[in-house]
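Architecture and fold: a report
Listed here are the chains, written in short residue letters.
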Amino acid sequence: MNNIKSQSDIKKMRVAGKLASEVIDMIGSYVKNGVSTEELNEICHNYIIDVQQAIPAPLNYKGFPRSICTSVNHQVCHGIPSKEKILKNGDIINIDVTVIKDGFHGDTSKMFLIGKPSILADRLCKITKECMYKAIEIVKPGLHIGDIGAVIQEHAHKNSFSVVREYCGHGIGESFHESPQILHYGVKNTGIKLEEGMTFTIEPMINAGKKNVKLLSDGWTVVTQDKSLSAQWEHTILVTKNGYEILTKREEEDCLI
Ligand code: MF3
Ligand code: CO
Ligand code: CO
């Protein structure tokens, strides 16, 4: 069925989610002008292995060569950390962390702003975060999965931004990616209904320009076709009896439910 987690699975998902969120908190102070995305990768990799005694899920996943994804400016997702990619003032970067602990995955990402980005870049990051939170807030048993996409699409379009269609959120647990797929666009009252015990990610990718994307020749990095800026935020969510629990919630988000 739809991968309903047991109480013991959920305990392990909470641990994995917390660890992933702590990597994002830990890396924050290093994300600044002059640092390479390879350095950020190394710091996260060592922290996950040595401090958390966990596994960085992206490393060697379908051949991905690094331990985190770093997607800068017009890169949409799955950017490969490299020595050559040096962050500079005005850049925006998504850092996407997935850890495996005790066999279970926690997957989360956020946008970091370097120095003083443009008003547009700033607004794109903020609206994309709102798209994610608006979707999270409606999660509860019985919700049609199409409602998640509809809420995200509505908020993005209202702000003249577009929604990437080629990549989506996903069920998560002992597998990195499992059913159901969580589309970030859609029609209300369509699709399967959520059930208590499901765990999945919501990870909208929102473009300042057109929705179209292309894959670079490295086989991983996804960029906007029109070179417009793109932003993404991601959390791993548990469907509870009455609503949701954000398994990857960070300390700075403690004001949230
Ligand atoms: N963390 C990404 C997600 O949110 C997946 C990265 S796959 C990788 O689903 F191979 F690029 F790491
Ligand atoms: Co994900
Ligand atoms: Co992710």
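Residues numbered from 1 in each chain as written. Chains lettered and ligands numbered in written order. Predicted model: local features only at pLDDT ≥ 70, side-chain atom pairs only at ≥ 80, totals over all residues. Heavy atoms only, no water.

Turning to the pattern of salt bridges, a few remarks are in order. Taken as a whole, this structure holds eleven salt bridges when the rule is applied. With a closest N to O distance of 2.6 Å, Arg 14 and Glu 245 form a salt bridge. Here Arg 14, found in helix H1 (residues 7-27), pairs with Glu 245, found in strand S15 (residues 244-246); they are 231 residues apart in sequence, far enough to count as distant. Overall, the relative accessible area of 35% leaves Arg 14 in the partly exposed class. Exposure remark for Glu 245: the relative accessible area of 24% places this residue in the partly exposed category. (Salt bridge = Lys/Arg side-chain N within 4 Å of Asp/Glu carboxyl O. Helix = DSSP H or I, 4+ residues; strand = E, 2+ residues; numbered from the N terminus. Buried < 20%, exposed > 50% of the residue type's maximum accessible area, 1.4 Å probe, protein only.)

Each pair of packed helices can be summarised by the angle the axes make with each other and by the distance between the axes. For the pair helix H3 (residues 119-137) and helix H4 (residues 145-158), interaxial distance at closest approach is 9 Å and the crossing angle is 150°. Taken together, the axes of H3 and H4 lie roughly antiparallel to each other. In terms of crossing hand, the pair formed by H3 and H4 is right-handed. For the pair formed by H3 and H4, the contact residues are Ile 127, Glu 130, Cys 131, Lys 134 and Ala 135 on the first element and Ile 148, Val 151, Ile 152, His 155 and Ala 156 on the second. For the contact of H3 with H4, the per-class residue count stands at seven nonpolar, one polar and two charged. (Axes fitted to C-alpha atoms, helices over the stretch in contact; angles between N-to-C directions. Parallel < 35°, antiparallel > 145°, perpendicular 65-115°, else oblique. Left-handed = near helix turned anticlockwise from the far one by under 90°. Contact = heavy atoms within 4.5 Å. Nonpolar A, V, L, I, M, F, W, Y, C, P; charged D, E, K, R; others polar.)

Turning our eyes to something else, we now look at the sheet that holds strand S6 (residues 162-163). Read across the sheet, three strands follow the order S6-S10-S13 without closing on themselves; strand pairing throughout is antiparallel. Every other strand in the sheet has two partners, leaving S6 and strand S13 (230-232) as the edge strands with one partner each. Pairing analysis gives three bridges linking strand S10 (residues 205-207) to S13, with the strands arranged antiparallel. The residue bridging Met 205 from the neighbouring strand is Gln 232, located in S13. (Pairing = 2+ DSSP bridges.)

All told, the structure shown has two aromatic pairs when counted by the stated rule. When the ring of Tyr 61 is compared with that of Phe 176, the centres are 4.7 Å apart and the planes differ by 55°; the resulting orientation is tilted. In this pair, Tyr 61 sits in the loop between strand S1 (55-56) and strand S2 (69-72) while Phe 176 sits in the loop between strand S7 (169-171) and strand S8 (178-182), placing the two residues 115 residues apart along the sequence. A relative accessible area of 24% means that Tyr 61 is categorised as partly exposed. Between Arg 165 and the ring centre of Tyr 185, over which it is positioned, the NZ or CZ distance is 3.9 Å. (Phe/Tyr/Trp six-rings, centres within 6.5 Å; stacked < 30°, edge-to-face > 60°. Lys NZ or Arg CZ within 6 Å of the ring centre and 35° of its normal.)

Moving on, we get to the packing of H1 against helix H2 (residues 37-51). Running from amino to carboxyl end, H1 crosses H2 at an angle of 135°, the nearest separation of the two axes being 10 Å. Considering the angle they form, H1 stands oblique to H2. Classified by chirality, the crossing of H2 by H1 is right-handed. Taken together, the residues of H2 that come into contact with H1 (itself represented by Glu 22, Val 23, Met 26 and Ile 27) are Leu 40, Ile 43, Cys 44, Tyr 47 and Ile 48. Tallied by class, residues from the contact of H1 with H2 come to eight nonpolar, no polar and one charged.

Surrounding the cobalt ion (ligand 3) are the protein donor atoms Asp 96 (OD), Asp 96 (OD), Asp 107 (OD) and Glu 234 (OE), at 2.0 to 2.3 Å. Linear spacing of the donor residues for the cobalt ion (ligand 3) on their chain is D-x10-D-x126-E. Between the cobalt ion (ligand 3) and the cobalt ion (ligand 2) the interatomic distance comes to 3.3 Å, and Asp 107 is a ligand of both metals. Note that Asp 107 is positioned in strand S5 (residues 104-113) and Glu 234 in the loop between S13 and strand S14 (235-239), a separation of 127 residues in sequence. In terms of burial, Asp 107 and Glu 234 fall into one category: buried. (Donors = N, O, S within 2.8 Å, 3.2 Å for Na, K, Ca; no water.)

Here the focus is the pairing of strand S9 (residues 199-202). Both faces of S9 are covered, namely the face carrying Thr 199 and Thr 201 and the face carrying Phe 200 and Ile 202. Pairing of S9 with S14, which is carried by four bridges, proceeds in the antiparallel orientation. Looking at S14, one finds that Thr 199 is bridged to Leu 238.

The next point concerns H1. Think of an α-helix as turning once every 3.6 residues; residues three or four places apart then point the same way. Helix length check: H1, at 21 residues, gives a terminal C-alpha distance of 31 Å against a target of 30 Å (1.5 Å per residue), a fit within 8%. Listing the buried residues of H1 in full gives Asp 9, Ile 10, Met 13, Ala 16, Gly 17, Leu 19, Ala 20, Ser 21, Val 23, Ile 24, Met 26 and Ile 27. (Expected span 1.5 Å × (residues − 1).)

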